[in-house]
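# Understanding the architecture of this molecule
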Amino acid sequence: MKEDQLSEVLSIRAAFPKIDFSRRWLWALLSSLILLGLFFGRGLLLRGRTLDADVITQGVERATVPVVITANGTVEAERSINLSPKNSGVVQTLLVEEGDRVTQGQVIALMDDSNLRGELIQAQGQLAQQEANLDRLIAGDRPEDIARAEAQLAEAEANLRELRSGSREQEIAQSEARLQRARTTLQQQNANLQRYESLYSAGAISREEAEQRRADRDVASAEVREAQEALALQAAGTRDEQISQAEARVEQQRQSVAALKAGTRSEDIAQARAQVRSAEGTLQTTEAMLQDTEITAPFDGVVNQIYAELGAFVSPSVSGAGTESSSSSSILQLSSDRNEVVVNLPESQISKVEIAQPVVIRADAFPGETFTGQVERIAAQATISQNVTSFEVRLSLDLPEAEKLRVGMNVEAQFEVGRLENALLVPNAAVVRGAEGEGVYVLEGGEPVFQTIQTGETAQGKTEVTAGLEGDELVLISPPSEEEERGGFAFPPG
């Protein structure tokens with residue numbers, strides 16, 4: 001026995017002076033145990049190691065467990081849009097306030113429609129006019145219209161005959177007699193003028209009276225010239241161009257009568273119908289624009305925010321947008337009553353999820369509570385963020401429990417994608433990756449030994465072992481580090 005160990009024994013004996021050392025066999029046993037502990041403790045110290053009291057082992061188990069995929073996400077409204085008018089205008093009336101619940105089709109705002117009211121009246125008048133024209137063409141011309149046209153034709157024909165036949169002898173005789181009367185009147189006026197000029201020279205009458213007689217003589221002279229020209233024209237007969245004009249007038253009138261008797265042409269009626277349809281389209285467009293001045297809710301929901309005040313000028317924007325860029329030209333934001341959960345699943349897991357698959361949801365705001373839902377939509381296109389490829393998955397929530405969830409809450413969704421039947425399982429913490437690949441440390445003869453394994457699915461904090469273990473091993477929950485392996489990691493025997 002070494003000196004330092006003997007000193008320790010003697011110090012222990014000195015600490016118990018009242019012990020009856022006559023029972024030497026008991027004292028010898030106690031001393032042996034103390035010495036044995038000191039020996040092993042000193043040996044560990046000499047090796048630079050102490051026994052790690054935190055080392056935990058667990059036996060490999062065989063069980064049936066569900067395979068669950070977990071994803072974090074948030075609660076969002078199923079639909080959220082910014083409502084804008086279809087046409088630019090001024091907000092005339094707001095019928096809702098922030099926080100109000102509205103139903104589909106409910107009028108929530110009115111735009112100024114004063115200009116459209118005038119356009120509506122004008123469009124209605126144009127349609128009425130075109131319809132009346134179409135009715136007139138279909139009904140055809142009235143008998144009195146035809147009779148009037150025939151009378152005008154007869155008059156034109158008579159005038160043409162008169163021009164072609166020229167002046168009659170009686171008419172020439174009348175013109176000669178008119179000329180003779182004009183000449184006689186001129187002679188009388190000349191005699192009167194001479195007499196009055198003599199009286200004026202003698203100072204018997206005024207100059208005005210003499211001038212009046214001169215004017216009467218000039219009028220009589222003009223009438224003589226006019227009668228002479230009329231007689232000359234009658235003697236010469238009608239000019240060719242006058243006859244041509246009269247013939248053209250007769251032909252035009254004949255065509256008018258024929259058209260009235262034949263009725264309206266089919267192409268004229270077709271053109272009138274087209275004009276009616278055009279007027280109807282203009283009226284429908286105006287009515288639609290007038291109807292669009294009533295801003296209605298496209299679905300049941302809640303008014304989240306109002307962007308425009310009374311009298312504000314707003315213009316069309318992207319109706320489905322939810323960003324601030326579109327709010328400047330929007331009236332308000334509307335969100336649906338129903339909420340949904342949006343999560344992102346990695347590319348490697350998306351194939352395990354399908355539409356209508358049940359989902360269990362847990363919210364940070366309600367610890368200990370679970371909500372249920374199902375897969376509603378899976379994004380057709382992946383998104384890449386920080387070199388991670390994922391797919392957006394939208395989950396519908398089952399009522400009424402889901403009404404407790406609010407937009408923006410953080411949640412965790414669990415997808416059960418399968419079950420491990422009678423599987424060999426080890427804790428996830430026991431699986432390590434070494435130079436030889438994945439494996440676990442098993443306890444053999446009090447020493448940790450690295451055992452290579454093949455792994456399968458993970459579920460409930462455990463990993464499926466498909467090869468490498470028999471099922472009766474003890475695995476280390478906290479495997480030794482490289483320094484511990486080199487230093488000779490030791491376990492208490494037994």
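Residues numbered from 1 in each chain as written. Predicted model: local features only at pLDDT ≥ 70, side-chain atom pairs only at ≥ 80, totals over all residues. Heavy atoms only, no water.

Assigned secondary structure in the chain consists of 10 helices and 22 strands. Buried residues in the chain amount to 29% of all 494 residues. Once local pairs closer than 6 in sequence are excluded, the contacts in the chain between residues at least 24 apart make up 77%. Accessible surface, the chain: about 31300 Å² in total, of which carbon and sulfur atoms supply 49%. (Helix = DSSP H or I, 4+ residues; strand = E, 2+ residues; numbered from the N terminus. Buried < 20%, exposed > 50% of the residue type's maximum accessible area, 1.4 Å probe, protein only. Contact = heavy atoms within 4.5 Å. Areas by Shrake-Rupley, 256 points an atom, 1.4 Å probe, with all protein chains shown as cover.)

It is worth spelling out the sheet that holds strand β8 (residues 301–306) at this point. Across a sheet, paired strands are connected by hydrogen bonds in the backbone, their directions being either parallel or antiparallel. Strand order in the open sheet formed by 4 strands is β3-β10-β8-β5, and the pairing between neighbours is antiparallel. Each edge of the sheet is formed by a strand with only one pairing partner; in this case those strands are β3 (80–83) and β5 (101–102). As paired elements, β8 and strand β10 (residues 332–336) share 5 bridges and run antiparallel to each other. Paired with Q305 across the strands is Q333, a residue of β10. (Pairing = 2+ DSSP bridges.)

With 24 residues, the main nonpolar core has V341, V343, L345, I361, L395, L405 and F415 as its most contacted residues. Those elements giving two or more residues to this core turn out to be β2 (61–77), β11 (339–346), β12 (358–363), β13 (371–378), β15 (388–397) and β16 (410–427). Beyond its immediate chain neighbours, meaning those up to four positions away, I361 contacts V341, E369, T370, F371, L395, L397, V411 and E412. Membership of the second largest hydrophobic core comes to 18 residues, among which are L83, M111, I306 and L334. (Core = buried A, V, L, I, M, F, W, Y, C linked by side-chain atoms within 4.5 Å.)

Checked against the element boundaries, K86 lands in the loop between β3 and β4 (89–94). Since its relative accessible area comes to 62%, K86 is described here as exposed. Along the backbone, K86 and S315 are 229 residues apart, and their C-alpha atoms lie at a distance of 7.6 Å. Discounting residues that sit within four places of it in the chain, K86 has contacts with D292 and P316.

Once that is clear, we can look at unusual backbone geometry. Backbone torsion omega between L399 and P400 reads 0 degrees, so that peptide bond is classified as cis. As for its placement among the helices and strands, P400 is situated in the loop between β15 and β16. Phi angles above zero are rare outside glycine, and Q386 is one such case at about 55 degrees. Its identity as a non-glycine residue notwithstanding, N422 has a phi of 50 degrees, on the positive side. The residue N422 is located in strand β16 in this model.

Now for the layout of surface pockets. If you add up the space inside the largest pocket, you get close to 440 Å³. Surrounding the largest pocket, 17 residues form its lining, S336, D337, R338, N339 and V407 being those nearest its centre. Going through the elements one at a time, β8 and β10 are the ones with two or more residues in the lining of the largest pocket. Its residues assigned to classes, the lining of the largest pocket shows 7 nonpolar, 5 polar and 5 charged. (1 Å grid on protein atoms, 1.4 Å probe; cavity = no way out; pocket = protein on both sides within 12 Å on 5 of 7 lines; lining within 4 Å. Points joined across faces, edges and corners; volume = space filled by probe spheres on them. Nonpolar A, V, L, I, M, F, W, Y, C, P; charged D, E, K, R; others polar.)

So, on to the sheet that holds strand β7 (residues 294–296). Across the sheet, 4 strands lie side by side as β7-β6-β4-β9; this open sheet has antiparallel pairing. The outermost strands of the open sheet, each flanked by one partner alone, are β7 and β9 (313–314). Where β4 and β9 come together, 2 bridges link them in antiparallel fashion. Within the sheet, the bridge partner assigned to V90 lies in β9 and is F313.

Another aspect to go through is the confidence of the model for the chain. Mean pLDDT for the chain: 80, with 79% of residues reaching 70 or above. Low confidence marks residues 38–53, where pLDDT is under 50. Its contacts with residues over four positions away, or in another chain, come to 14 contacts. Taken together, the stretch residues 486–494 has pLDDT below 50 and engages in 21 contacts with residues farther than four places along the chain or on a different chain. (pLDDT = per-residue confidence, 0-100.)

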